[in-house]
Every structure is written in structure tokens, then in C-alpha cells.
Amino acid sequence: MACLAATFPMTLAAQRPSPEQAQELLRTRPDLVEQLRQRMTQSGLSPEQIRARLRAEGYPETLLDAYLPGATVAPDARSRDKVLSAMRSLGIADSADLAGLVQAGRAGGPSDTTGLELLTGDVAQGSGGGAAGRDSGEARLKADSGFALFGLSVFRMAPQAFQANAAGPVDANYRLGAGDRLVLILTGDVELAHDLSITREGFIVIPQVGQVFVNNLTLGELENVLYGRLARVYSGVKRGGGTTRFSLSVANLRSLQVFVVGDVERPGSYRVSSAGTAFSALYAAGGPTRAGTLRRIEIRRGGKVVDALDAYDYLLKGDATHDVRLETGDVVFVGPHGARTRVVGEVVRPATYEMKEKETVADAIRMAGGATSEADGRRVVVERVLPASERTVTGRDRTVLALSAEGAATVTIGGGDVIRVGAISDRVRNRVVVRGNVWSPGLVAADRGMTLSAALKKAGGLRPDTYLGRVLITRLRPDSTRVQLRAVLRDTTGVPVEDLALQEDDDIRVFSLTEFRPQRFVSIAGSVRKGGRFPYRDGMTMRDLVLLAGGLDQSAYLTEAEIARLPESRAGGITASTVRVALDSSYLAERTADTRYQGPPGLPAAAGGAPEVPLAPYDYVLILRQPDWSLQRAVWVTGEVKFPGRYTLKAQNERLSDVIQRAGGLGPQAYAEGAVFVRTRDDVGRVGIDLRRALRERDFRDNLVLQDGDSVNIAQLDPVVLVRGEVNAPTAVAYRPGASIDYYVQSAGGAKRTGDERRAYVAQANGQVESRVPRWFFLPDGRPEPAPGGTVLVPLKDLNEDIQATQRLTAWLGILTSLATLAIVVRSRI
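Residues numbered from 1 in each chain as written. Predicted model: local features only at pLDDT ≥ 70, side-chain atom pairs only at ≥ 80, totals over all residues. Heavy atoms only, no water.

(A) Here's a closer look at empty space enclosed by the protein. In total, this model carries one cavity of 30 Å³ or more according to the counting rule given. There is about 60 Å³ of room inside the largest cavity. Lining the largest cavity are Leu-149, Phe-150, Leu-152, Gly-292, Leu-294, Tyr-312, Arg-340, Thr-352, Tyr-353 and Glu-354. Elements supplying a minimum of two residues to the lining of the largest cavity: strand E10 (292-301) and strand E14 (351-354). At three residues, the largest contribution of residues to the lining of the largest cavity is made by E14. Grouping the amino acids of the lining of the largest cavity by side-chain chemistry returns six nonpolar, two polar and two charged. (1 Å grid on protein atoms, 1.4 Å probe; cavity = no way out; pocket = protein on both sides within 12 Å on 5 of 7 lines; lining within 4 Å. Points joined across faces, edges and corners; volume = space filled by probe spheres on them. Helix = DSSP H or I, 4+ residues; strand = E, 2+ residues; numbered from the N terminus. Nonpolar A, V, L, I, M, F, W, Y, C, P; charged D, E, K, R; others polar.)

Okay, structure coming up:
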């Protein structure tokens, strides 16, 4: 504590957000809502107490209901901007705590003001500047705001983990009682072992020795008694040695019934081991509640306080002197807690601590583990709630005390105090920064009288490609503005033309020639494996670029290639000039030892003789493709043909009829009208064709020129027609030659009320779709005739059309009614 001194300068500038900002923030940051709920839980206030205090402060009593533990009510967007101010008014959280929460969980950088600071309107700002610059560390707040009550978590573990072992062992001070079971072992002249239980009357019975009263004796006192009683029977038993020796141990401990009452989690009666202590009983009862004390836990026996346990002695020092053993009927009483203070900032263990009367600020900091290595002794303040008699001005209920080292040791703690141990400045002194094209960029110690050349040398020296024309030095002025200085280097040894004297916080920037050099590249496309853009290198040739592109593709035209190059002059709107260069098969890697090409056949090309073609920056190389080059293409012919299978196309103009002829023609069971032709290329799908006519007329449109992946399936005759859609009984109807679509719809029970029979259509077996053809005047509509294997579909009626038709009919009826009424009126007047 000797380092504590001076005061803690801090300025809190209020920036009240708009309600819209607050609403948007809590809507988009659910983690902040959860943090508010945690603050409510840690406050120790019941929901009724919170509502009563809200009423007293002038807030709606249900304002914080959505943030209570276990709440099912969603936060009210209209009142979100009031939530933080209400919590601050109730003392549940203060501005710095909320800022610390955001510092720990925000997604942005440390300069963002987007979290709970914005909601509360409080933003911590540093003070300083001048010759030393602005101290960015003065406003830094510890992320842990210390609301956790120190010591309570110890009692939240499984209670059986802290129970004394029922089988012992126990020390010589253990007091015996009814229910304990002892083991007496004699060795030497006699070899005996006795299992002895203490009776209700407090006796044990030792064979050949008799009754021995042991109740309330310690284990050590009983051993003294046994020396005398056993010596009467066994002459070899003597103190300090003898021919007969004995040992006494407790084999099983009795249980005690004790009472744990007061502010504990589960008050009541508990059975604990006779070796158990006050802590054992507290663990069994779940420990004190948030309202209970940890500093004075009384053990009452026979109506009197026999001892008082300070849990902090055990938790902070490991001192269990007052953790006495219990006896049957003992009462462990936990009263209300005393004054509590929060210790936050640069301490080892930020938390809320319970303080005894006359304990000081220095004591509280010691309880928190003391200050960290980054603590600033000049930045210790106490935020104190004023006594009721001193609250004379509204809004002046709290004050801040700045303490010196002596004051921290003398100022006693008050209830509700918040002790903040500030951090040292983030600023690093006596240094300069060297950035850029040096071997070891970073911080350099600023020795007295340091020059630019010395700083560059400490940074490892310049790299070979350093730009010597200018080095920039940014200097911080006393008023926190910056000035730009510069220097010119003689050579890459780092010696400036004028060796500039440096100052603390100078920022040196060394440039590289590479930074100013444009990114030069060349490109290649066409019949290569991996076309694209590649970095240009001086001396690069077209053969080098082909290798970088993975080599030529098997379709490459091995006679010439085209290079597009930036023009010398752009006059007349010219953007590029092109040139054809020689190419040969030596660019191919697939060759045997005798230079014979092993790839697929292509255009003949010489194996050598093409000169190396140097490239210029930004050249675009196009490797041409062989005219009409392609690998084999294949189609499938299945179904009722003589030789079904996969057929390779022999020419680019081979047609459907040609391939079917190669497959042996149609079989005797073939149904040409049911042929299914599918084109997979470009995801076309099924194509309706008239196969019979295509086989008869070569130039017919349905005799398609085949493409790679096409397939045709010739089905057998299927003399039924399927009827689907909005009909009463969807079914398959036997084919009837010459029957129209109406016949098949009626055969399926007719159209439903929801079916639109006028729009019924036929999907023929060959994929063609036919629908009704409307005729002029009073001629009947053309009705399609389903073929075998076809499908008749009746679509769903468009209800909007019925509504529109009804509206049109109603409108016409209205017009006719109006005309009739007008005619009657005119006639009556005549």
C-alpha cells in the first residue's frame, strides 16, 4: 500500500442518446439484455423491492420486469432508453460498471461508443495532453465490475464433498460419545482385537476387563484410562514400553443433529458426522444467502455463543482456528451481512467484500489480493453514498474521495462504497517507432541525442530495395498535434544527407521501391489447362507462360498463337495491337524419347523450329483451338430396336434416323408414336417428336441432328390412356380409335366442380402436347384425340375468372335493368 498516493483525475462527459438509438441498440445487442439480467440477479433485491424502489424514484414499477431472473416478458421497445438510467438510480449499476461491460463484450474497437455507455449517456474521457501527450490510459476501466460476492461460490458446490469421513481418522482431541465404534488391538504376549461400540449410557465393554466409561472423553484421555484398566488384566501393559502393547482407533463415527438457521440457503436440521465442524454444517445447508454474513457466523450451544467463525479467515488466510467441532444440539446461526464494498480496477480479485467495523480501504484492497503490477497508486478513489443527513441536494447523493497511501490506511469503509484502483497509463515512453522497409521494424529505445541513422541501425538497417529519395518522420507536438519532417538517404547503409536529431515518440516511415512499382502481369487464355493472369518477370517468354498455365490443352492449334499488346501510341482510339507468332508441337509435354507425340491426333505440326517469343508487360496470349475439334460424342438408343446401346456419332450432322438405322431399325413390337427423346445438353429435357415421319422423311423437322448425350427410347404399344387431374375418378381408359378428349374425361367420371374442362389437354406418348383449338363463329372447337400411351389432364379451375365472369354478368344485368327502366319512364311520359 506504500504506492498509493495523489488523486484520480477523471472526467465523465454526459452524452444523452436519443430514444431511437437506445431502442436500436438493445434490439440488435441481445448480449446487453442478458448482462442487465445478470446485474439484476446480483443486486440481491427481490422483485417486490425493485418495484417499490422504482415507484419511489418516479419510474413505472413494471419497467424492469423484463430483466428480472426468469422473466418471460419481452423488453418494451418504447422504454428501453429509460432502463439503464433506472438501474443507475437504484444503485444496481453505475456508469463505469456499464462501460466496463461493453469494454469486455463489444464487437468494435476500443474507440467505439456503441454499447451500454451510449444507453446511459456516459462516456469516459481521458484528461491530459500538453508536452506528455494525451494519456489514453486514464479513462480505462476494469471489465470485471466486481458484483460477485466474495466467498459465496465456495458453498455452491456439492455438499457431500465437504462432509467428514464417517470412518475417520480423527485426532487425539476428538471427544467420544454414544454411537462411536472403536477398535482395540493388543499385540505381544497376547494377540487380541476387540470391536467396541459406545452404548447410550456412554460405556464400552472390553472382554475380561469390563465396563469403561468413555462418554465425553477425548481419544487421548481414553488411552490414558486404558493403560490403568488393561494393566490389571494384562501384566505386560506398561507405559513407555512393555511386553504387551495396544492401539486404539475410531472405526466409525457417530452422527450429530445440528441446526443451521438464519440467512442460509436451506435452513433446517441436519445430521453431520461427529468430526464435522461449523463449515460442514454450512456446506450442508448451501451456505449463506446473498443477505447473509460471512464475517460472524455464530456457534450456539446451550443458549450461549461458544464461538464465532469469520469465513474470510479461512478463505483468505487458510485459518480454521474458530471452525470448532459441533456437538448434538448445536445451532449454527448466520445473521444479516454487514457493510459491503466493491473493489474493482487493477486488483488481483475484483469482487464485493463484506467489511467489519473499523476496517479500512487498505484492508479491502488487501482482501482483493492487493494491487496488480499495472496499478497506479495515484489513482485510488472511493465512490461513497452520503449519509441520509448529508443528502441535502437532489442528485447529490454520492461523492468521490481521492486517497493517498496514508489516507487509504485510515479511512474506514462505509456501506455501499466502491473502491477503484486505477491503471497506469498505456503510453510507452522513451521510444521511437521505425516502420516500413527495415529488417526489424518496431519500437526502438530513444537514447539521449539519438539521430535518424542510429534509429535505423537499431531497427536492423535498410533493406536493399529501399527508396532513398525520402524518409518521413512524424513528430508529436506538446499540443497533441503532429508535424511532418523528412530526410534523404545517401545509400542503403542508412546514412542520411542531413542526420536529423530525434525526439521521444517520433514515428519513422521507410519506403520500399516495390510499393511504388505497378503490379505487372501477363495473361493467357484459350486452349490451355489453367488460363488466367500471371505476374510478369523480366525476360519471360511465351513458352514460360504456357508452362505456368499448366501446358497446352489437347485441342490447341499447333501452328500459331495470337498476342495482344499495348500499343506504342493510342492515337485514333487504338487500344491494342495484335501479332501472330509461330507455335509448334514442341510446346507439348506428352512426347516419347524420340520426340513422338502421344496425345490425341490433331493437325500436323513441326516438332521444333518455333523461336522463343519474348513477352512484354500486360501481354494477352490467345492459344487458338483446332477448327471443328472435339472428342467422340455418343447417344443412347434403347427399347424396341434390333441392337440397343450407346452409339458414337460419326459426323457432326448425323441425324436421329441415321442412328436408328445403325441400331437395326425398329423392332416388330415398336410403337413409334410413343418414342421418348431426351436432350440433356443445356438442361433441355424431353422433346416431343413424330418418329414415324422422321424415319420416313429425312428432311422432316423432327429428324433432329443429334448432340452428345441425347437419348431415344422406343416403347412397346400401350393401348391405354391415363386420365389425371380434376376428374371425379382418375383412372386408365382403354384406347378407342378416333375418340376425342371428351370421351376419356367422361370415362373418368367427368370433371369436378373445381376442374376446368375447357382447358383440358393431352400429353401424347411421344412428348407432344395438344389442347383444344377454338374456332370462329358457331363452329365447334377442335378437340385433340389421345393416342395410346397418352395422358389426359384436366387442370384446376381459375376461380378469379368465375368471379370476373359473375361481375361482368352483374354489370350487364344492371345496364339492361337501367335501360328497361328508362324505356318505361319515356313511354309513360309519351
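On we go from here.
(B) Just the environment of Pro-617, in detail. Mapped onto the elements, Pro-617 comes out in the loop between strand E26 (577-582) and strand E27 (620-625). By relative accessible area, Pro-617 is classed as partly exposed at 23%. Counting along the chain gives 98 residues from Pro-617 to Gln-519, while the straight-line C-alpha distance between them is 9.6 Å. With residues up to four places along the chain from it excluded, the contact list for Pro-617 reads Arg-520, Phe-521 and Tyr-536. (Buried < 20%, exposed > 50% of the residue type's maximum accessible area, 1.4 Å probe, protein only. Contact = heavy atoms within 4.5 Å.)

(C) Structural context of the sheet that holds strand E28 (residues 634-639). Spatial ordering of the open sheet is given by E29-E28-E32-E30-E31, a layout of five strands whose pairing is mixed. At either end of the open sheet lies a strand with only one pairing partner, and these are strand E29 (645-648) and strand E31 (685-687). On average, each strand axis in the sheet is tilted by 25° relative to the strand beside it, whichever way the strands run. As defined by bridge partners, E28 adjoins E29 across four bridges and the pair is classed as antiparallel. Along E29, the bridge assignment pairs Trp-636 with Arg-646. (Pairing = 2+ DSSP bridges. Axes fitted to C-alpha atoms, helices over the stretch in contact; angles between N-to-C directions.)

(D) Structural detail: the nonpolar core. Val-260, Leu-282, Tyr-353, Val-361 and Ile-419 are the most contacted members of the largest nonpolar core, which totals 45 residues. Counting residues per element, this core draws most heavily on helix H8 (residues 278-284), at six residues. In this structure Leu-282 touches Phe-155, Val-260, Val-264, Gly-287, Ile-297, Val-332 and Val-334, once residues within four positions along its chain are discounted. (Core = buried A, V, L, I, M, F, W, Y, C linked by side-chain atoms within 4.5 Å.)

(E) Layout of the pairing of strand E8 (residues 255-262). Bridge analysis of E8 against strand E9 (residues 268-273) gives six bridges, and the strand direction is antiparallel. Bridge pairing links Leu-256 to Val-272 in E9. If you look at the hairpin formed by E8 and E9, you'll find five residues sitting between the two strands. As paired strands, E8 and strand E12 (residues 331-336) are joined by four bridges and run parallel to one another. For Phe-259, the partnering residue across the bridge sits in E12 and is Val-331.

(F) The arrangement of the confidence of the model for the chain in detail. Residue-level pLDDT values for the chain average 81, and 81% of them are 70 or greater. Mean pLDDT per element in the chain: strand E1 (residues 11-14) is the minimum at 33, and strand E22 (residues 507-510) is the maximum at 96. In the predicted structure, residues 1-19 sits below a pLDDT of 50 and forms 61 contacts with residues beyond four places in sequence or in another chain. Here residues 95-144 scores under 50 on pLDDT; set against residues more than four positions off or in separate chains, the count is 124 contacts. (pLDDT = per-residue confidence, 0-100.)

(G) Structural detail: the sheet that holds strand E3 (residues 181-188). Across the sheet, three strands lie side by side as E4-E3-E7; this open sheet has antiparallel pairing. Each edge of the sheet is formed by a strand with only one pairing partner; in this case those strands are strand E4 (192-197) and strand E7 (244-252). The mean inter-strand angle of the sheet, taken between neighbouring strand axes irrespective of direction, is 20°. Relative to E7, E3 is paired through eight bridges, and the arrangement is antiparallel. Bridging from a neighbouring strand, Leu-182 pairs with Val-250 of E7. The strands touched by helix H7 (residues 219-233) are E3 and E7; relative to E7, the strand with the most contacts, the crossing angle is about 140°.

(H) The arrangement of the packing of aromatic side chains in detail. The tally for this structure, following the rule as stated, stands at 13 aromatic pairs. Ring geometry for Phe-155 and Phe-279: centres 6.1 Å apart, planes at 25°, overall stacked. Of this pair, Phe-155 sits in the loop between strand E2 (122-125) and E3 while Phe-279 sits in helix H8, and the two are 124 residues apart along the sequence. On the basis of an interplanar angle of 80° and a centroid distance of 5.0 Å, the ring pair of Tyr-743 and Tyr-744 is categorised as edge-to-face. Cation over ring: Arg-300 sits above Phe-333, and NZ or CZ is 4.5 Å from the ring centre. One Lys or Arg, Arg-543, reaches over the ring of Tyr-587 and ends 4.1 Å from the middle of that ring. (Phe/Tyr/Trp six-rings, centres within 6.5 Å; stacked < 30°, edge-to-face > 60°. Lys NZ or Arg CZ within 6 Å of the ring centre and 35° of its normal.)

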